[in-house]
Every structure is written in C-alpha cells, then in structure tokens.
Amino acid sequence: MEKRSEDNREVISLLNGVQELFSGRKQLSVASYDGYWVSYGALTKEQTKSCGLVGSRRKGGDDGVVDGIWLGTDLLQYTASGLTVGAIYALVAIGYNIIYNVTEIINFAQGEFVMLGGLFAVFFLETLRFPIVAAFFAAVAAVGVVGFAMERLVIQRARNASVLSLIIITIAVSILLKGGAMLCWGKDPYSLPPFTSGGPILFGGAAIQLQALWVLAVGAVVVISLSFFFHRSLYGKAMLACADNPSAARMVGIRVRQMVLLSFVLSAAIGAAAGVAVTPISLMEYDRGALLGLKGFGAAVLGGLGNFYGALVAGLLLGLAESFCAGYLSSGYKDAVALILLLLVLFFKPEGLFGSAEAAKLKRF
Amino acid sequence: MKKTDRWIFLVLICLIAVFPWLAQNIGAISHYVELMIFAGMFSLVCLGLSLLMGYAGQISMAQAAFFGIGAYSSGILTAHFGWNPWLAMPVGASTAAAVAWLVGIPALRLKGHYLAMATLGFGVIVHIIFNEEVDWTGGPSGMVDIPGLSIAGWKITSEMQWYYLVWGVVLVVLLFSFHLLHSRVGRALRAIHEEEVAAEAMGVPTFRYKVQIFIFGAVTAAIAGSLYTHYVTFLSPSSFNLMWSIRFVLMVMAGGMQSLWGALLGTVLLTFVGNEWLQVFADFEVVVYGAILLVVALFLPQGLISLFHRAPGARHNPVSPASDEG
C-alpha cells in the first residue's frame, strides 16, 4: 500500500511535467482522463497501472520502459471517457438547477462545491484515515455545511439585491472558497485511490477504468434519489412548489426560506459527490472550480435551465463532445468545446434543447 | 458636463499633474507612480465598462478578452511584422470593435445571468485561443521582443513619461464619455436602464444603443491593451484570464457603477489594494480580496462613491428589485 502510493506520486509528478507541455495549462496541471497522448516519460507497467492509466505502449524489449501512454485510442474509448466527464457536468448542472428553481439565482460558486468535495475527501481519507465510504459521506456532509453557511451568512442577507449584485455576490463567495481551499490544501493537485482497486475492464478494444463506472454509478444514484425526493417526499414537493410560485407556496404554509436553505445544502452536497467521485480519475486542485462550474452551466442551459432530465442528457452530450474533440480534433481546444456550445445555445436557442420557449419567457431572463 | 462634474474634472487634472512629483519626494510611495500607470490602463477598461454596466444596465465579463485582443494585436503586428506601434493600435481597436459587434449582437439580446454567462464563456474561449495559437502568441510561455513606444522619434522610456501619456489618454476618454452621457445617446442609455420597455415604446432604439456602448467598451479596453503591451513589452495569456474580467467588473462595482467618477475611484483603489496593500497578507490576499468584494456587494451595492454623493436616480429607486434588471 505504502509503496503503491509512493509510485503513484512519482508517476503523477512526472505526468504533470508532461501534461504541462501538452495542455498548455499552468504548472502542476492534472493528468486528466481523456485522449491525451503522453509520449514522454519512462514508466513501468506497474506505475501506469497504479496511476489509473488505461494503457501504455512499450518501446521494444522488456526493459520496462514505455515511451508512450495513452488514454483511449478509439471511438469506444472516447465514448467511455466522455460519458464519465459528462456525468460530472450533469451533476454540476443539476446543482445549478436546484438552486435556480427555488431562488432564480445562478450560483457562480457551484463549481467550487465540486472542488471542495474532492479536497475534503482527501482530507478525511489521508489525514483522518477514514475508510473510503466514510470519507465519501463525510466530504459530502462537509460541503453541505459550506452550502448551509453560504445561504445563511450571505444569500439570506442579499434577498433584495439586484441581479447584478447577486452575480457579484456569488462570484465573491467562489473567490473566498477558492482562496480558502488554497490556504488549507496549497496549490498542488491531490489524488485519491479509486473506490475499488483492480485493473481496467477491457471491452471491445477499450479499457474502462473501474472508477469511471463508479462516477456513473454516483451520478445514477443521485438522479434516482432526487427523482424520488421531488416526487414522493413532502420536502421535495414543497421545493417544487416554491419553484413554481413562491408567493402561492408561502400562502399554503410552506416556509420558503427553509426551502431556499435546503436547495443550497442539497446542491452543495451533489456537487461534492461529483467531486469525490472524479478525483481518483482527474485529481483535484484548488482552482478547478471555475471551469467545472462554467461547463456545468453550459450543460444546464443546453438542457433548458431548471429542467432536471434535460441537464442529465445535456451533461452527457457535452462530455462526449469534449472527449471527441480532444480525441479527433485538438486536445488544446477541448475546454473550448463546451463553451462554444454554451454560446451557440444561448445565442440561438436560449430556452435549451429540451426547454419550452413559452416557459422560458416566464423566467426572469 | 454638469457644473460639479466640471469642478471635479479640474481638480482631477491637478491631482494627476502633481501626483508623480509628490510621490517621488516621499520615499515610501515613490513606486506608486508605476502602480498609477497600471491604474490608468485599467481605468480605460473600466470607464467603458462603467458606461455599459452603470448606464446601459448590461454586464460584461469579457473585458479582459478585449483588453487581450488589443494587447495581442499590437504585440503581433509590431513584433512579427515590424509595424509602427501607432499604426498597430487602431488596428487592434478595430479588431476589438469588430469582435464586439459580432458577439454583442446575439449576446445583448440576453439579460441578467444569461448575459453574464455568455460574456464569461466568450472571455474564456478567447483566453484559450491566446494559449493555443502558439505560433502567433507564444502560447503560455508568453511573447517577447515587443518594441516600446516613441513619439516623433523621441522614445518614451521613463515612468514619468508613461504616466502622463496613459493618464492623458484616460482624461480624453473621460471627457468623451461625459459628452456622450449628456448627448442623445446618454439620455437614451439612462432610459434603457430605468425601464427598457418604456424606452422602447418611446421610440428609443434600445438594442442599437446597447450594442454601440458594448463596442465602445471593447475599444477603450483594446486601447488600454495596446498601451499595456508597449509598456511591459511582454505578453502572457494569464494577464487576460477570467479573473481579470472579474476584477474589472469589481473595480466598477466597488467604486459605484452609476458614476464615471466611481469607476475611476474603484479602479485606482482596487489596483492599489490588489498590488500593494494586500501584499502583507501574502497568501491570504485572495481571501481578503473576496471578503472586501462580498462586503461591498452586500452592504454598499451603489459603490463607495455613494458615500460621497447620491447617484442620480438612486432616490427614486432605493433598492432595485431583481426583476428590474432582468
């Protein structure tokens, strides 16, 4: 175990250097799970495996030196990695929708919840030595508390603020969360061991990491339990009522403030779950929140803002688009794909692919 | 220009004129001249943004992108093609104007959060382009060999010369903005901000004015970018990222959106806060910066300038409810 994690660190630091050359991102970037060709480095097969990479190309002989590691080489591989990333975007998008439905606020700090989820899980697992399951739930609960604090300390005071002020306020919170994370965890990326150990599943020429299945599973569990929550439980129905018509909801005795609070806690917890699940694959560092948040918003808009299942489908679509772009076109521009789609949707179909134009007119935008 | 504005303008000219002399004679703040050069460049960006946010009521989180388009246009034309910097500057400004027109037409049909996210997304895309087009921009490692500025064969080298050049441009843009505000366009803008539907019903071509102001903001940002390029003679994409767009919005917001003076005040203040006064906090800087922002947005939504005078229209509309904006 000890040996393994040491290897892990070595591989990761090596990959960071290589990654820097390729992705053009700033120093100590992340070994990400998509179609990058990493053609430098000398890794043993064990190292690549322990790092969670799915394959390596050997440079002749059995000297244990590889001159290339690849993460996905064909359609199936890109589809698998696209769906994994897409599940994360979908969860972020669902987080946006929950808060938006109840408050009509777009929470610009949504991406930070994902980042905090990953980093809190590292803290519980590595520092406090929790078992993985406990660390997962502890991280989700901790970020839920952050969401609680955000609503109570900030959003509640800004009840009468203009849209412009609200944008600035949630951005300020995101800067605070990011700065706080930097102070607590520093600027280096952290990794988590996969939820279950074991090599990748080989399927039709593609190698699928076990952790990718866990990401999809977390996504599915969240979506199914949210459906039950909104359609079966009293609290869920009350939240839907607030989304539909806050004044009428208040008249029938629903405590709207409480629902707003609940929406923030729920949305923070969902973001955190996504963060914990994806950290073993893509690592996590303090400044990942903004881009994740922006892409998640892209998914939310693509699916029609406020539309729950729309967000799910749109998130997966965005993930696929990004993965295919990285694989077939240009890995440098993969981050732009989701944003270009976001702009196109905003410009030409602002109600989203699955939203109705009439419902969009009723909203405040 | 109103009488009070005229007086403030005169006082400002005097302050700008004597500041370097004052700063140089006080050891502790002698390096403030350099900071003021940057504050001047940022002021150019923020004056345009202030017109857009405070007067037209539209948000843009893409000003760093226009700043960068100006900067890289100047950098590429002078370093790769050997153009005269004074020729490259208008080309950069025109490029920014053209891009602003292309993006503004679809984007300004959106409102509130949607507009914020659209401009934000556009800004990030431009930043990615700066990073990826390595042949032109040097990519993440940056761009060097950019010449400085000279006027009629006379090189602008000292900080003092740069200071007066930059603030001279700021004063010209400020004067132009005031005249704009008191023209037909300015009245139309205020009408849009107060009640867009009513303005439209009165026959104000609201959309056209919004696009025009958006383009104006892009042009001032691009000019600032060109000046920045020739001053620092080195470009790196990190100067034009999302955080900078957010900073520009905050400068305008902190000073007070409803007043050009507020934008100037906020820009100078936050430039000093970010680059000088918060340095003692070292790593805590970002957190303190975020906290300041939060406090201003929560408790002083009209900005610091509202402590000195009431923004026009503020009395009729003490707390504008969310629905008014969107």
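Residues numbered from 1 in each chain as written. Chains lettered and ligands numbered in written order. Predicted model: local features only at pLDDT ≥ 70, side-chain atom pairs only at ≥ 80, totals over all residues.

This brings us to the overall build of chain A. The helix and strand inventory of chain A stands at 14 helices and 5 strands. By the burial criterion, 55% of the 365 residues in chain A qualify as buried. Put simply, of all contacts in chain A between residues at least 6 apart along the chain, 72% involve residues at least 24 apart. (Helix = DSSP H or I, 4+ residues; strand = E, 2+ residues; numbered from the N terminus. Buried ≥ 20, exposed ≤ 12 C-beta atoms within 10 Å, placed from the backbone. Contact = placed C-beta atoms within 7 Å.)

A count of helical and extended segments in chain B gives 14 helices and 2 strands. Here the C-alpha radius of gyration of chain B, 19 Å, is about what a compact globule of 326 residues would show, namely 20 Å. Taken along the three principal axes of its C-alpha coordinates, chain B extends 55 × 45 × 40 Å. Within chain B, buried positions represent 50% of all 326 residues. Look at the contacts in chain B between residues 6 or more apart in sequence, and 76% of them connect residues 24 or more apart. (Rg over C-alpha atoms; globule rule 2.2 N^0.38 Å.)

Attention now goes to the interface of chain B and chain A. With 45 residues of chain B in contact, the opposing surface of chain A contributes 41 residues. If you list the elements that add at least two residues to the side of chain B that touches chain A, you get helix H5 (112-132), helix H11 (242-255), helix H13 (285-299) and helix H14 (322-325) of chain B. In terms of residues, the side of chain B that touches chain A owes the most to one element, H5 of chain B, which gives 14 residues. Looking at the side of chain B that touches chain A residue by residue, the class counts come to 31 nonpolar, 9 polar and 5 charged. (Nonpolar A, V, L, I, M, F, W, Y, C, P; charged D, E, K, R; others polar.)

In the predicted model, chain B carries a mean pLDDT of 86, and 94% of its residues have values of at least 70. Quick note on the complex model: pTM equals 0.82, ipTM equals 0.83. (pLDDT = per-residue confidence, 0-100.)

As a further point, take helix H6 (residues 163-185) of chain A. All names here are of chain A. Taking 1.5 Å per residue as the helical rise, H6 with its 23 residues ought to reach 33 Å, and the 33 Å between its terminal C-alpha atoms agrees with that figure. In terms of residue burial, H6 counts as a mostly covered element, since 19 of its 23 residues are buried. Trailing H6 by a residue or two, Gly186 shows a phi angle of about 80 degrees, which is positive. (Expected span 1.5 Å × (residues − 1).)

When two helices pack together, their arrangement is given by the angle between their axes and by how far apart the axes lie. Residue and element names in this part refer to chain B. As a packed pair, helix H3 (residues 63-79) and helix H10 (residues 206-232) sit with axes 7 Å apart at the nearest point and diverge in direction by 50 degrees. The orientation of H3 with respect to H10, classified from their angle, is oblique. Read as a crossing pair, H3 and H10 show a hand that is right-handed. Between H3 and H10, the residues in contact are Gln63, Phe66, Phe67, Gly68, Ile69, Gly70, Ala71, Ser74 and Gly75 and Gly217, Ala218, Ala221, Ala222, Ile223, Ala224, Gly225, Ser226, Tyr228, Thr229 and His230, respectively. Class assignment for the residues of the contact of H3 with H10 results in 10 nonpolar, 10 polar and no charged. (Axes fitted to C-alpha atoms, helices over the stretch in contact; angles between N-to-C directions. Parallel < 35°, antiparallel > 145°, perpendicular 65-115°, else oblique. Left-handed = near helix turned anticlockwise from the far one by under 90°.)

Residue and element names in this part refer to chain B. As a packed pair, H3 and H11 sit with axes 7 Å apart at the nearest point and diverge in direction by 115 degrees. When the interaxial angle is binned, H3 and H11 end up roughly perpendicular. Residues Gln63, Ala64 and Ala65 of H3 form the contact with H11, whose own contacting residues are Trp244, Ser245 and Phe248. Of the residues in the contact of H3 with H11, the class split is 4 nonpolar, 2 polar and no charged.

Judged by nonpolar contacts, the single largest core of 217 residues is most densely connected at Ile168, Ala272 and Ala273 of chain A. Apart from residues no more than four positions distant in its own chain, Ile168 of chain A is found in contact with Val249, Leu250, Met253, Leu293 and Ala297 of chain B. (Core = buried A, V, L, I, M, F, W, Y, C linked by C-beta atoms within 7 Å.)

This part takes up the confidence of the model for chain A. Detailed reading of predicted coordinates is not advised where the pLDDT is low. All names here are of chain A. Here chain A averages 79 in pLDDT, and 76% of its residues register 70 or above. Within chain A, helix H5 (residues 132-153) carries the highest mean pLDDT (96), whereas strand E1 (residues 37-38) carries the lowest (34). Between residues 1-11, whose pLDDT stays under 50, and residues either more than four places distant or in other chains, the model counts 11 contacts. A low-confidence stretch, residues 16-73 (pLDDT under 50), is modelled with 118 contacts involving residues beyond four sequence positions or located in other chains.

The next point concerns unusual backbone geometry. Residue Arg129 of chain A is not a glycine yet carries a positive backbone phi of 60 degrees. Among the secondary structure elements, Arg129 of chain A is positioned in the loop between helix H4 (110-127) and H5. You will see that Thr233 of chain B, though not glycine, has its phi angle at about 50 degrees, which is positive. In this structure, Thr233 of chain B sits in the loop between H10 and H11.

Our next topic: helix H3 (residues 75-103) of chain A. Residue and element names in this part refer to chain A. Between its first and last C-alpha atoms H3 spans 41 Å; for 29 residues at 1.5 Å apiece the expected length is 42 Å, and the two agree. In terms of burial, H3 is a largely internal element, 26 of the 29 residues being buried. Remark: Glu104 follows H3 within two positions and exhibits a positive phi of approximately 60 degrees.

Right, let's get into the environment of Pro280 of chain A. All names here are of chain A. Along the polypeptide, Pro280 turns up in helix H10 (residues 256-282). Classification of Pro280 as buried rests on a count of 24 C-beta atoms within 10 Å. Taking C-alpha positions, Pro280 is 8.9 Å from Gly118, a pair spaced 162 residues apart along the chain.

Attention now goes to the environment of Ile94 of chain A. Residue and element names in this part refer to chain A. Within the fold, Ile94 resides in helix H3. Taking the number of C-beta atoms within 10 Å as the measure of exposure, Ile94 has 28 and is therefore buried. Through-space distance from the C-alpha of Ile94 to that of Glu126 is 29 Å; in sequence the pair is 32 residues apart. If we ignore the near neighbours within four places in the chain, the residues touching Ile94 are Ile270, Phe308 and Ala311.

Okay, the environment of Gln212 of chain B next. With respect to the helices and strands, Gln212 of chain B occurs in helix H10. Residue Gln212 of chain B is classed as partly exposed on the basis of its C-beta count, with 19 C-beta atoms lying within 10 Å.

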